[in-house]
Amino acid sequence: MFTHIPTRRHILAGLTAAALPPVTAGAAHADAGPSLKALAAEKGILFGSALSAGTMEAAYLDILKTECGVIVPENEFKVYVIAAQADRYNFAPGDAIAGFARDNGMKLRGHTLLWNKVEFMPKWLLNIDFGRKPALGAERYLRDYIKRVCTHYGDQVFSWDVVNETIDPKTGEIRDTPFTKALGFDCIRIAFEAAREYAPRAQLVYNDYMSWEAGNETHRKGVQKLLEMLRNKNVPIDGFGIQSHIGNDGHIKEAQHSEWRAFVDAAVDMKYRLLITEFDVNDKDLPTDIAARDAGVAAAAKDYLDLMFSYKELDQFLCWGMTDNHSWLQGWTPRADKTPQRPTPYGADYRPKPLREAIAAALRAAPKR
Ligand code: G3I
């Protein structure tokens, strides 16, 4: 899986890619048979996508309306948007996405109440003074923030990524942030308890990006340890979100396959529901040739999804964007040949690609839950 800290160049590249108009507008989904949400629903899976406020143009929204039963705001529920300024809450961007979901009868996931990673906290929050009793001050702030966000969206958000990416992949430990400095592990407990209190009917999820790939062992171990701690300490949590930003080397090799299975099995044994929360396939190591690339991406996806759908505990599957031109990967991990990445089910021309067919095939092959 690929996770990088964006540089200004990456962000600008991403914005430029996102701003490009599609070659031909209008979804060609009609040729493609049943929608992905219908295929998924037949198996008891809820299918959907991330959507960001900057990409709400009609042709793109048409694809989401046709294919998706659930939407998650890509960035608009993050603290750096909602609380960009210390003394003012800004729900307008998130409300635009929530309104689109509501108007089109789609469910809404929430991402995320505590992204416990300093790179994605507003500057003022990094320098916050929690007072003479920092543990008390930090708890007060966290509970109040979660209360405000959860009560603003109420029952519309049926599932929350309460805590996102709190494990440092290099150490397997909880990351250093203003909250962990003041509260240690308790900030994670407090976040889930506050979410249960203020979103009492929502599913509560821990979300992270560890994968099966070599080099991920420490990350997996750390996440597994966290999931165990949450259970041992009776923290209110229901689900484990496996982001699934997979790579194109993604044919899961035998050894990695069994290690990954053991990792997912452990979560299932601890009675976590499973979600794929942010699926896409990074093609940066595949050749420039589009047919070869699309075939590689589709094959990696089918391998991975067949494995994941074999878990009946997995009942939500969301892509991190539905068309290549709106994928975060364009800006964050550009290809060496400078051609746009092709990581999502639809091309920049808004036509379905082999990846869409691979997803449909994996859904058709999935056991019912
Ligand atoms: O919209 C602002 C713009 O107003 C501002 O001028 C510009 C310059 O800083 O930034 C723009 O916001 C950017 C935003 O994407 C919209 O394009 C942010 O800087 C940029 O950091 C942000 O990147 C997002 C990233 O999370 C960080 O929040 C990506 O879109 C989003 O896809 C990515 O999503 C994450 C999940 O939340 C967690 N899992 C990994 C996943 C991929 O990294």
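Calculation notes
Residues numbered from 1 in each chain as written. Predicted model: local features only at pLDDT ≥ 70, side-chain atom pairs only at ≥ 80, totals over all residues. Heavy atoms only, no water. Helix = DSSP H or I, 4+ residues; strand = E, 2+ residues; numbered from the N terminus. Buried < 20%, exposed > 50% of the residue type's maximum accessible area, 1.4 Å probe, protein only. Contact = heavy atoms within 4.5 Å. Areas by Shrake-Rupley, 256 points an atom, 1.4 Å probe, with all protein chains shown as cover. Core = buried A, V, L, I, M, F, W, Y, C linked by side-chain atoms within 4.5 Å. Expected span 1.5 Å × (residues − 1). Near = heavy atom within 4 Å. Polar contact = N/O pair within 3.5 Å; in protein donor to acceptor, adjacent residues only side chain to side chain. Nonpolar A, V, L, I, M, F, W, Y, C, P; charged D, E, K, R; others polar. pLDDT = per-residue confidence, 0-100. Phe/Tyr/Trp six-rings, centres within 6.5 Å; stacked < 30°, edge-to-face > 60°. Pairing = 2+ DSSP bridges. Salt bridge = Lys/Arg side-chain N within 4 Å of Asp/Glu carboxyl O. Axes fitted to C-alpha atoms, helices over the stretch in contact; angles between N-to-C directions. Parallel < 35°, antiparallel > 145°, perpendicular 65-115°, else oblique. Left-handed = near helix turned anticlockwise from the far one by under 90°.

Looking only at helices and strands, the protein chain has 14 helices and nine strands in total. Taken across its 369 residues, the protein chain has 57% of its residues classed as buried. Long-range contacts, defined as pairs at least 24 residues apart, comprise 80% of the intrachain contacts of the protein chain with a sequence gap of at least 6. Summed over all atoms, the accessible surface of the protein chain reaches about 14700 Å², with 54% contributed by carbon and sulfur.

So, about the nonpolar core. Membership of the largest hydrophobic core comes to 103 residues, with the highest contact counts inside it found for Trp160, Phe240 and Phe279. Those residues within four positions of phenylalanine 279 in sequence are excluded, and the remaining contacts are Gln243, Ser244, Ile246, Ala301, Tyr304, Leu305, Phe317, Leu318, Cys319, Trp320, Leu355 and Ile359. Counting eight residues, the second largest nonpolar core, distinct from the first, contains Leu46, Val70, Leu318 and Leu329.

Before going further, it helps to examine helix α7 (residues 134-153). The terminal C-alpha atoms of α7, which comprises 20 residues, lie 29 Å apart, in line with the 28 Å expected from a rise of 1.5 Å per residue. By the burial criterion, the buried members of α7 are Gly137, Ala138, Tyr141, Leu142, Tyr145, Ile146, Val149, Cys150 and Tyr153. Remark: glycine 154 follows α7 within two positions and exhibits a positive phi of approximately 50°.

Around the ligand, 17 residues are found, and the nearest of them are Glu74, Lys78, Tyr80, His111 and Glu278. Residue glutamate 278 places a side-chain N or O atom 2.7 Å away from a nitrogen atom belonging to the ligand. Across the complex, the protein chains shield 68% of the 790 Å² of accessible surface that the ligand would expose by itself. For the shell around the ligand, the secondary structure elements donating two or more residues are α1 (8-19) and β3 (107-115). Taken together, the residues that form the shell around the ligand break down as eight nonpolar, five polar and four charged.

This part covers the confidence of the model for the protein chain. Considering every residue of the protein chain, the mean pLDDT works out to 91; 89% of them sit at 70 or more. Predicted confidence for residues 1-27 stays below pLDDT 50, and this span has 45 contacts to residues more than four positions away or in other chains.

Attention now moves to the side chain of histidine 111. Within the fold, histidine 111 resides in strand β3. Take histidine 111: its relative accessible area is 2%, and that puts it in the buried class. A distance of 2.9 Å separates polar atoms of two side chains, one belonging to histidine 111 and the other to aspartate 161. Here histidine 111 is in contact with Val72, Pro73, Glu74, Phe77, Lys78, Trp160, Asp161, Asn164, Asn207, Glu278 and Trp320, once residues within four sequence places are set aside.

Throughout the structure, instances matching the rule amount to 21 aromatic pairs. Following the ring pairs from residue to residue traces out a cluster consisting of Phe77, Tyr89, Phe91, Trp124, Phe130, Tyr141, Tyr145, Tyr153, Trp160 and Phe179.

On to the pairing of strand β1 (residues 46-51). Across the six residues of β1, six count as buried, placing the element largely inside the fold. Bridge count for β1 against strand β9 (residues 314-319) is four bridges, and the pairing is parallel. Note on β9: the bridge partner recorded for phenylalanine 47 is phenylalanine 317. Across four bridges, the pairing between β1 and strand β2 (residues 70-73) is parallel.

What follows concerns unusual backbone geometry. In this structure, the amide linkage connecting histidine 111 to the following residue, threonine 112, adopts the cis form with an omega of 5°. You can see threonine 112 is positioned in strand β3. The phi torsion at glutamate 165 lies on the positive side, around 50°, for a residue other than glycine. With respect to the helices and strands, glutamate 165 occurs in the loop between β4 (157-164) and α8 (178-183).

We now examine the pattern of salt bridges. Summed over the entire model, instances satisfying the criterion amount to 23 salt bridges. With a closest N to O distance of 2.7 Å, aspartate 294 and arginine 342 form a salt bridge. Taken together, the positions of aspartate 294 in helix α12 (residues 290-309) and arginine 342 in the loop between α13 (329-332) and α14 (354-365) put the pair 48 residues apart, joining distant regions of the chain. Given the relative accessible area of 6%, aspartate 294 is considered buried. A relative accessible area of 17% places arginine 342 in the buried class.

Here we come to the pairing of β4. Across the eight residues of β4, seven count as buried, placing the element largely inside the fold. Relative to β4, β3 runs parallel, the two sharing six bridges. The partner of tryptophan 115 across the bridge, within β4, is asparagine 164. Summarising the sheet, β4 and strand β5 (residues 203-208) pair through five bridges and their orientation is parallel. Bridge pairing in β5 places asparagine 164 opposite asparagine 207.

Three or more residues of helix α3 (residues 58-67) are buried, namely Ala59, Tyr60, Leu61, Ile63, Leu64 and Glu67. Buried residues in α3 make contact with α2 (36-42), β1, β2, α5 (92-103) and α14.

Before going further, it helps to spend a moment on the packing of α12 against α14. Between α12 and α14, the least distance of the axes is 8 Å, while the angle of their chain directions is 20°. Classified by the angle their axes make, α12 and α14 are roughly parallel. When the axes of α12 and α14 are compared, the crossing they make is right-handed. Together, Asp294, Val297, Ala298, Ala301, Lys302, Leu305, Asp306 and Phe309 of α12 and Pro354, Leu355, Ala358, Ile359, Ala361, Ala362 and Leu363 of α14 make up the contact between the two elements. For the contact of α12 with α14, the residue count by class is 12 nonpolar, no polar and three charged.

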